[in-house]
Each structure stands twice: as structure tokens, then as C-alpha cells.
There are 2 protein chains.
Amino acid sequence: MDGDSRKIPTHEVTYARLRDMILFGHLAPGAAVTIQGLVVDLGAGMTPVREAIRRLTAEGALEPQGNRRVSVPRMSAGMLEQVAFARLTIEPKLSEMAAKNLTPELIGLLQSLDNQVDQAIRAGDVPGYLEANHAFHFCLYEASAAPVLVDMARSMWLRFGPSLRVVCARFGRVSLPDRHLEALAAMRAGDGTALRAAIERDIAQGIEQVQAALAQGEI
Amino acid sequence: MDGDSRKIPTHEVTYARLRDMILFGHLAPGAAVTIQGLVVDLGAGMTPVREAIRRLTAEGALEPQGNRRVSVPRMSAGMLEQVAFARLTIEPKLSEMAAKNLTPELIGLLQSLDNQVDQAIRAGDVPGYLEANHAFHFCLYEASAAPVLVDMARSMWLRFGPSLRVVCARFGRVSLPDRHLEALAAMRAGDGTALRAAIERDIAQGIEQVQAALAQGEI
DNA sequence: GCTGCGATAATTTGATCAAATTTCTTGAAC
DNA sequence: GTTCAAGAAATTTGATCAAATTATCGCAGC
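In this report, we go over the structure that sits alongside the text. None of these values were measured; they are calculated from a predicted model.

### Overview of the environment of B:R87
Residues and elements named next belong to chain B.
Then, in step 1: Residue placement: R87 occurs in helix α5 (residues 77-99).
Then, in step 2: When its relative accessible area of 7% is taken as the criterion, R87 is described as buried.
Then, in step 3: R87 sits 44 residues away from G43 along the chain, and the two C-alpha atoms are 35 Å apart.
Then, in step 4: Once residues within four sequence positions are removed from consideration, R87 is found in contact with P92, M156, W157, F160 and I203.

Structure follows, in C-alpha cells:
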């Protein structure tokens, strides 16, 4: 029962939980992240919490404030520009590399993940949308067999995460044409170049959302 | 006043020391990195050592072995390809961005760092060369005011580090034309495009060194 | 406005527990 | 009698926790 929950160490679980909180916009930009706070909230010991915070700080998901405090970074225009450049460089490349390794089974899995994305959008289920969208992208990227570049993409998504909560607030106002359909069509056709282009447009669209929110001072 | 030795926390110092050991090729690829070993070697407590290892693992500088041990990653052809792509994407971009912010004082500092590089090469001082070369590149990159991309570059250099010890063994056999001179000339001329090109060639040259060593089974 | 005091939180240590690896032993088969 | 292998003890190393220490911040008093 709880014997197998013992298999996976506490600091890994704690890391995963804190990471997902950041990744899916549950933590506001600028919010303080304290060790003792997380010890209480997550019910973990001090050492696992420390490690989770350190790891995420190293990944750029959290920001040291100088005076040994840590907080969720605020997005600025400059940061967004850098993240946009990195994402638009790395992720299309990953897509193209993945195209060579896609099997019918994997494409089927990606299709079902995209169905979950659509379903979440129709249901207005924002957390569900974010998780399914993340799963879709990284399921594809991991097929690239390029762990170094996937790590870089993960870091960029973590820097993006806190801003998602404001983008979510725009959901009602802005339509989201689904680039994933183009991507899936390219996968089935075995067309790496088209897949790359579809992913590139998908990313550019997401970045524009955040850029617009930023310009309107919603972040 | 001199209480500043206590100002900077132990885990930061420990992190910096371990990072430099990796960055400058003092640790062999595949070598085991144990907490207790570092506790003895670095004379630090267990918690600071743990944190240093976690941070560096998150940065890709160390590799978990599955059975909760960590080791220095071995470079493979696939890894090298990914690191090469990332470096050749990020670092020329950083150079071009930095070009806009270079002051005469900064160019002077970079010139003196390059002098240290030359001096170390002439003296056959390998550690000195590695440190000065690193300082030159990141002094330039930090002028870009793009901390996100600089972090990515740092991570790539850390993945490169362990391979440097074998590249160093080739020093006697291979000549190293100095691309830094072209870079410095471009800086003085205020030519961002030329600076970008010079740095790109410098990086490509370094990668070719490792590629050649890898092909000959020296790693 | 500056200084010292108290509260809060981070840092660090050392001890203890758990997991994994290595080594040693034992027993059976040839 | 020798060899090999399975299993158990011992050692090494990692994980977690709780207590003691130290730094930082806010606030009162001068």
C-alpha cells in the first residue's frame, strides 16, 4: 500500500508537486516561496522542501531575492523576449527531430492527448487544458530522443508557467484556433517540415497571448 | 567588515567549488559523485553538499544514475550534437545582443582577459587558459543583459566541462588560431554582425576539437 | 533619522534510518 | 577436491528529521 509510495523518495514527490504548481499557474508572479510555508502546505520535511526549491531555482522557475528568500519571478518584456527566442529556436527543432521517430502508436497517443485538449477547452476546464496541452507538447518532444534540448524546453515552460494564470483570464475574450490539428496532419503525412511549422505557429500564438496581456498591464 | 566570509552561505561556496571542478575538467566523465565523499573532500556539512549536487544535477552538469547515485555524465555523439546546436544558437545571439551594450571600459576588460588567455596558452598553463577563456566569453555574454539566455549558455558549458580534460591532452598536437582577436576587432568597430560571426567560429572550432577526440575514442 | 530588540525564517549540524552494493560464506554439483 | 552460485552479513552511501545557530526584517524608543 504505502510501501510502494516509499519507493519514490519524498524530495522527488515534493519537487514534482511544487514544479506543477509553478508550471500550471497556481502560484502568482512575485509570490514569496518559503521553506516553512511549504513544509506546512505540502506536509513534507524541511530537507525535501529545501531540495525542491533549490532545483527549481537552478531551473529558472524560482528566483532568489538576494536576502536568502525566494519568490516566483515576475515576467517582464525583456524576459518574455528571451523566452520567446529560446522556445521558437528549440521547440520547432525538437518537433522536426521527433518527426523521424514517430510511430503510429505514438501518433495515436498524441491524437488522444489533443482530444483531451479540445475537450477541456469546450468544457472551460482551464487546469485540464493546461495539463493536456503540456502533455501533448512534451510527448512529442520526448520522441526526439534529445534530452538536452528537452531539458531546455522544460526550463522555458517553467519560466512561462506563472504568466499562464493571467492568460487564462483572457480565455473568454480570445479565440484559440487549434494548431495541433495541423501538427497531427503533418505527423500522419510524415512531413517533418510541416510539423515544425505547425508547432512554430502554435508557440508564436501562445507567446502573443502573454505579450498582449503584458502590454495591457495584466501581469 | 571582514565578516563577509560569513556573509556568503556555505552552500553557495560549496556549489561554486563543485561547479568549477566540473566546468574546468577536474572530474572525469563517468566518475561517481558521492555526498559523503564531498563532505570529506570539501570539508562542508551534508546539507550544503546535497544542495550543490542537486543544483548541478538540475543544470545538467551531473547525472542521476537511477539508483539514487549521481555521476559525471559521459559525452556521446548525440549529446555533443545537441550541445553544439544549442551553443551555436544561443551564444552568437548573446554576442550580437552584447555588441549594443559594449562600452570602451568593457572592451578594455575583455582585451585584458584575452591577454590572459594568450599568456596562458604560451605558458602551457591549461587551467589558466580554461578559466580565462570562460571569463572572456561570459564577460561578453553578460553584457547582453539577457539572463535567461546566459543561464542556458552556462548550462551548456557545464555539460561541456568534463570533456575538456581530453581536449587539453590534444593541446600539444593541435594549433589554436585565436578567434578572440577577430571578436575584439569587431567590438571596437561596433560591428555586431562581425562579432557574432567571430564568436560563432570560435565555438565551432571548440566543438570540432571535442568531436575529433570523441571520434578517436579519446573520451 | 538612527539604534537596538524581538520575531521570523533560513542555515547548518549531527544523528538516525533505509537502501544498495560488496563481500563472505555455505552448499550443491561435477 | 574444486568450482560455481545463491544468499546472508557487513559496509558504504543516501534520505530524512529535529535541534541549535545565525541572519534579516520590522518596530519601538531615543
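### Quick notes on the pattern of salt bridges
Then, in step 1: For the structure on display, the rule yields 20 salt bridges over all chains.
Then, in step 2: Among the salt bridges present, the one from A:R19 reaches A:D20, with a minimum N-O distance of 3.2 Å.
Then, in step 3: Judged by relative accessible area, which is 28%, A:D20 ranks as partly exposed.
Then, in step 4: Here B:R50 ties to A:E51 by a salt bridge, and the two come within 2.4 Å at their closest N and O atoms.

### Considerations on the protein's contact with DNA strand C
Then, in step 1: Around DNA strand C there are 16 residues in total, and B:T10, B:H11, B:T47, B:N67 and B:R68 lie nearest to it.
Then, in step 2: By atom count, sugar and phosphate contribute 66% of the portion of DNA strand C lying within 4 Å of the protein.
Then, in step 3: At 3.3 Å from a base nitrogen of DNA strand C is found a side-chain nitrogen or oxygen belonging to A:Q36.
Then, in step 4: Between B:T10 and DNA strand C, the recorded distance is 2.4 Å, taken from a backbone N or O atom to a phosphate oxygen.
Then, in step 5: Here the surface near DNA strand C is built from residues that sort into 5 nonpolar, 7 polar and 4 charged.

Each value, and the rule that gives it
Residues numbered from 1 in each chain as written. Chains lettered and ligands numbered in written order. Predicted model: local features only at pLDDT ≥ 70, side-chain atom pairs only at ≥ 80, totals over all residues. Heavy atoms only, no water. Helix = DSSP H or I, 4+ residues; strand = E, 2+ residues; numbered from the N terminus. Buried < 20%, exposed > 50% of the residue type's maximum accessible area, 1.4 Å probe, protein only. Contact = heavy atoms within 4.5 Å. Salt bridge = Lys/Arg side-chain N within 4 Å of Asp/Glu carboxyl O. Near = heavy atom within 4 Å. Polar contact = N/O pair within 3.5 Å; in protein donor to acceptor, adjacent residues only side chain to side chain. Nonpolar A, V, L, I, M, F, W, Y, C, P; charged D, E, K, R; others polar.

So yeah, pure geometry; function would need other evidence.
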